[in-house]
Amino acid sequence: MPDIPLFTLTNLNFNYPGREPVIKNLQLQFYPGERIGLVAPNGSGKTTLFHLIMGLLKPTSGSIEFLGRPAVSEEDFAAVRQKIGLLFQDADDQLFSPTVIEDVAFGPLNLGCSREEAREISLKTLEFLGLSDFADRVTFKLSGGEKKLVSLATVLAMKPEVLLLDEPTAGLDRKTKTRLIEILNGLELSYIIISHEFDFLKEIAHHIYTMEDGKITLDEELYIHHHEHAHRVGAQPHKHI
Amino acid sequence: MIQESFAAGNSPIHRLNPTLRVVAAAAYSFIVALAHGLPTLLTSLAISIILLFFARLNLKKVFQRFTVVLGFLLLIWVILPWTYKGEIWFHLGPLAITRPGVLLCLEISLKSIAILLAMITLVSTMTTARMGHTLNRLHLPDKLVYLILITYRYIFVIEQEYQRLMRAARIRNFRPGSNLHTYRTYAYLLGMLFVRSAERAKRVHLAMVCRGFSGKFYSLQENTRGYQNWVFALLMSLSLLGLAILEISTPAILI
Ligand SMILES: Nc1ncnc2c1ncn2[C@@H]1O[C@H](COP(=O)(O)OP(=O)(O)OP(=O)(O)O)[C@@H](O)[C@H]1O
Ligand SMILES: [Mg+2]
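Enquirer: Sorry, what's going on with the overall build of chain A here?
Expert: For chain A, the helix and strand inventory stands at 10 helices and 10 strands. Within chain A, buried positions represent 56% of all 241 residues. Long-range contacts, defined here as pairs at least 24 residues apart, represent 67% of the contacts in chain A between residues at least 6 apart. Within the structure as shown, chain A displays about 10,800 Å² of accessible surface, and the carbon and sulfur contribution to it stands at 51%.

Here it is, written out as structure tokens:
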């Protein structure tokens, strides 16, 4: 495991205005190559945590470091967002262009790619996800599951180093879920994935964490369970906390 | 997610250079807004209808887009004819309908319909990103471009949230009547509508920011440089010139 974490959250606190704290003194070090599943009850602050990492919400106290450097200003986070791709919980929030290809190309174009480069990256990404036929489809006429996959394409097209996926399996059928598992295992990326489906997480995550009382903890119960399937991840580096 | 139901299409209008379309729509709206002559306004309405024909849009959707404006016009027609001071034309029951009042209504109606139609056919037939890109290219300040686009997009967001909320109410057997329950439900729906639209628009914006959006729009589509653009530019210039001449040579509806 390389020494320097991709990002470090230290003593992170957050509450929505006029509400009880959602995130309380949360600590997290995330290393390259880590693949974490996050299972926690509704309303425990998972989505909030992702938005804090992306700089979409500002912590009330505590610090966020990215590659050893504190991320505070909007510029800092603009750089972070090139490296971390966030898949929103609701795909409708993510897609806004009329055609799939334009939506996928939106990120690459913002990163300064030329029109041809952006088109090529987008087509490749769609092909990788098995969505080649979708390029010219109208985004708001896709089914819920299709929207989820296209949203994933919009994130992957930015070539991130880390993925934060907020319930990517919600509303996917078994076949599509299997495909998603194959896709994720085929990627050389680190990620944190929120899901309520343990069967899905155990296929793609090395560790399963949970959130309790505003903090992230390793889920002992799920951890033991996970070890019964250790052969699946036997080749991967192992870490105990 | 925002519906841009007119943006998808491959009509002659859709294929025109977007910059040209925006400039043409702006110039056209400007002239029509300033015009006062009946022949001018009728001609511009005809031009708008011809444009609409070439854009091959779904007429039902165009009409839906119009309902708000029609409601506004209806209101004008109900109020202005008997409140506007001037020569009395005829009596309708207790109300004295004035000639200038009616003519003013006519003028406003023709203008708004002609301009709206032209905007729908020329401007809303391009995607938001494309329009942003175009406005950037016309050297409008970034902030202004952003403001225009976001306003334009909010409208669809609000409409969509409205559809969702109404669906939620309807599946629970809500039937509007003239009772307190109905009024309260509508009040809640309206309140929720604005809150939810604002929330959604915020999240869409956040998602854009996550993908590197920083105020500038880029477009995947290449701007066409075909002869059609020249034909359109020529026809449009001639039409505008014609409208201007017509306007100068005919008296205003209202003197
Ligand atoms: N915009 C907001 N304003 C105020 N409170 C909020 C807002 N968004 C979320 N909350 C509250 O913060 C808490 C954490 O919300 P969050 O969306 O992070 O939960 P979550 O773990 O993602 O839940 P789920 O599994 O349902 O997606 C909840 O109690 C929620 O009610
Ligand atoms: Mg959530």
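Enquirer: What should I look at first to understand the coordination of the magnesium ion (ligand 2) in this one?
Expert: In ideal tetrahedral geometry, four donors around a metal make angles of 109.5 degrees, whereas ideal octahedral geometry with six donors gives angles of 90 or 180 degrees. Residues and elements named next belong to chain A. T47 (OG1) and Q89 (OE1) make up the full set of protein donors to the magnesium ion (ligand 2), lying at 1.9 to 2.3 Å. Taken together, the residues span a long stretch of sequence, with T47 in helix α1 (residues 46-53) and Q89 in the loop between β6 (84-87) and α3 (91-94) at a distance of 42 residues. When its relative accessible area of 37% is taken as the criterion, Q89 is described as partly exposed.

Enquirer: When you look at the interface of chain A and chain B in this model, what are you seeing that I'm missing?
Expert: The accessible area lost on association of the parts is a frequent measure of interface size. Across the contact, 31 residues belong to chain A and 29 residues belong to chain B. Across the chain A to chain B interface the summed buried area is about 2,900 Å²; carbon plus sulfur atoms make up 62%. When residues of chain A are sorted by the area they lose upon contact with chain B, A:F96, A:R115 and A:F140 head the list and together hold 26% of the total. Put simply, chain A and chain B have five salt bridges between them. A salt bridge links A:D93 to B:R203; its shortest N-O distance comes to 2.7 Å. In this structure, the connection of chain A to chain B is made through seven residue pairs in polar contact (both at pLDDT 80 or more). Secondary structure elements with two or more residues in the side of chain A that touches chain B: α2 (74-83), α3, α4 (100-110), α5 (115-128) and α6 (144-156) of chain A. Ranked by the residues each element gives to the side of chain A that touches chain B, the list is headed by α4(A), at eight residues. When the residues that make up the side of chain A that touches chain B are grouped by side-chain class, the tally is 15 nonpolar, five polar and 11 charged.

Enquirer: Would you mind showing me how to read the confidence of the model for chain B here?
Expert: It should be kept in mind that the predicted coordinates are not to be read in detail where pLDDT is low. Residue and element names in this part refer to chain B. Here chain B averages 85 in pLDDT, while 95% of its residues score no lower than 70. Of all helices and strands in chain B, the one with the weakest mean pLDDT is helix α6 (residues 142-170) (76), whereas helix α2 (residues 38-55) scores best (93). Scored by ipTM, the complex comes to 0.79, with pTM at 0.73.

Enquirer: What's the story with the packing of helix α3 (residues 59-83) of chain B against helix α4 (residues 99-122) of chain B in this structure? I'm lost.
Expert: In a pair of packed helices, the angle between the axes and the distance between the axes together describe the arrangement. Residues and elements named next belong to chain B. Contact geometry of α3 with α4 gives a least axis separation of 10 Å together with a crossing angle of 165 degrees. With respect to α4, the element α3 is oriented roughly antiparallel. Handedness of the crossing formed by α3 with α4: right-handed. The segment α3 lies against α4, with V62, R65, F66, V69, L73, I76, W77, L80 and P81 engaging G101, V102, L104, C105, L106, I108, S109, S112, I113, L116, L117 and I120. Residues belonging to the contact of α3 with α4 are distributed by class as follows: 17 nonpolar, three polar and one charged.

Enquirer: It is not clear to me how the sheet that holds strand β1 (residues 7-15) of chain A should be interpreted in this structure. Could you clarify?
Expert: In a beta sheet, neighbouring strands are held together by backbone hydrogen bonds and run either parallel or antiparallel to one another. Residue and element names in this part refer to chain A. Taken together, the four strands give an open sheet; going across it, the order is β2-β1-β4-β5, and neighbouring strands pair in antiparallel fashion. The strands lining the two open edges of the sheet, one partner per strand, are β2 (21-30) and β5 (69-70). Pairing analysis gives two bridges linking strand β4 (residues 61-66) to β5, with the strands arranged antiparallel. Counted as the bridge partner of F66 is R69 from β5. Lying over the sheet, α1 contacts β1, β2 and β4, oriented at roughly 120 degrees with respect to β1.

Enquirer: How should I be thinking about the domain arrangement of chain A in this particular structure?
Expert: Residues and elements named next belong to chain A. By the assigned domains, chain A splits into domain 1 (1-83 + 161-224) and domain 2 (94-159). Computed from C-alpha coordinates alone, the two centres of domain 1 and domain 2 are separated by 23 Å. If you look at the interface, domain 1 gives 17 residues, while domain 2 gives 13 residues. In total, domain 1 and domain 2 occlude about 1,000 Å² of area from one another, counting both sides; carbon and sulfur atoms represent 72% of this. The tally of links from domain 1 across to domain 2 stands at zero salt bridges. At the junction of domain 1 and domain 2, the tally comes to two residue pairs in polar contact (both at pLDDT 80 or more). Secondary structure elements with two or more residues in the side of domain 1 that touches domain 2: α2, β7 (162-166) and α7 (174-186).

The rules we used
Residues numbered from 1 in each chain as written. Chains lettered and ligands numbered in written order. Predicted model: local features only at pLDDT ≥ 70, side-chain atom pairs only at ≥ 80, totals over all residues. Heavy atoms only, no water. Helix = DSSP H or I, 4+ residues; strand = E, 2+ residues; numbered from the N terminus. Buried < 20%, exposed > 50% of the residue type's maximum accessible area, 1.4 Å probe, protein only. Contact = heavy atoms within 4.5 Å. Areas by Shrake-Rupley, 256 points an atom, 1.4 Å probe, with all protein chains shown as cover. Donors = N, O, S within 2.8 Å, 3.2 Å for Na, K, Ca; no water. Buried area = accessible area lost by both parts, 1.4 Å probe. Salt bridge = Lys/Arg side-chain N within 4 Å of Asp/Glu carboxyl O. Polar contact = N/O pair within 3.5 Å; in protein donor to acceptor, adjacent residues only side chain to side chain. Nonpolar A, V, L, I, M, F, W, Y, C, P; charged D, E, K, R; others polar. pLDDT = per-residue confidence, 0-100. Axes fitted to C-alpha atoms, helices over the stretch in contact; angles between N-to-C directions. Parallel < 35°, antiparallel > 145°, perpendicular 65-115°, else oblique. Left-handed = near helix turned anticlockwise from the far one by under 90°. Pairing = 2+ DSSP bridges. Domains from an automatic or database assignment.

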